[in-house]
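# Coordinates in review
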Amino acid sequence: MKITSAFIALAALIGAGVDAQANCQSNVVRKEIRSLSPTEWNRVTSVVRNMSNSGWLGWFAHIHNQYFGVIHGNEFFFPWHRRFIRDFESIAQSVDR
């Protein structure tokens, strides 16, 4: 079972375009959510609402639920979630434009 789970996780990573050998070209620094100003918080909630209305939030929830048992509790957790969060942020940024 672990081999099958690892294979599925690896396939998901490869399918998502994750390059394990790539070097970081830039670091993203995220602001602590509790330090957001009211204007920043309103912007975040607006973007999440728009993502929900356009189906993106449901899509990300579906993908996370599909891979929950495969990804959690193994060595693929961090790389998979890094890519998942980066894709979420990318869509959020496109919705925010």
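Just above, that's the structure.
My aim in this report is to walk through the structure given alongside it, one point at a time. (Residues numbered from 1 in each chain as written. Predicted model: local features only at pLDDT ≥ 70, side-chain atom pairs only at ≥ 80, totals over all residues. Heavy atoms only, no water.)

## A word on the packing of aromatic side chains
For any pair of aromatic rings, the description consists of the separation of the ring centres together with the inter-plane angle of the planes. For the structure on display, the rule yields eight aromatic pairs. An angle of 85° between the planes, with centres 5.0 Å apart, marks the rings of W59 and F60 as edge-to-face. Residue F60 is classed as buried on the basis of its relative accessible area, which comes to 4%. An aromatic cluster of at least three residues, connected via ring pairs, comprises W56, W59, F60, Y67, W80, F84 and F88. (Phe/Tyr/Trp six-rings, centres within 6.5 Å; stacked < 30°, edge-to-face > 60°. Buried < 20%, exposed > 50% of the residue type's maximum accessible area, 1.4 Å probe, protein only.)

## A word on the pattern of salt bridges
This structure, assessed with the given rule, holds six salt bridges. The partner of R30 in a salt bridge is E89, and the shortest N-O contact between them spans 2.3 Å. Of this pair, R30 sits in the loop between α1 (2-15) and α2 (38-53) while E89 sits in helix α4 (residues 77-96), placing them 59 residues apart in sequence. Accessibility expressed as a relative area gives 49% for R30, which makes it partly exposed. Look at E89 and you get buried, because its relative accessible area is 16%. For K31, the salt bridge goes to E40, with nearest N and O atoms at 2.8 Å. Shared partners join several salt bridges into a network, and the residues in it are R30, R86 and E89. (Salt bridge = Lys/Arg side-chain N within 4 Å of Asp/Glu carboxyl O. Helix = DSSP H or I, 4+ residues; strand = E, 2+ residues; numbered from the N terminus.)

## Overview of the nonpolar core
Counting eleven residues, the largest nonpolar core consists of V47, M51, F60, I63, V70, I71, F76, W80, F84, I91 and A92. Listed by contribution, the elements that provide at least two residues to this core are α2, α3 (56-71) and α4. (Core = buried A, V, L, I, M, F, W, Y, C linked by side-chain atoms within 4.5 Å.)

## Quick notes on a nonpolar patch on the surface
On the surface, I33, W41, V44 and V48 cluster together to form a nonpolar patch covering roughly 320 Å² of accessible area. Here W41 is to be found in helix α2. Classification of W41 by relative accessible area gives partly exposed; the value is 40%. (Patch = residues over 30% accessible without salt bridge, like charges linked within 9 Å, V, L, I, M, F, W, Y side chains within 5 Å. Areas by Shrake-Rupley, 256 points an atom, 1.4 Å probe, with all protein chains shown as cover.)

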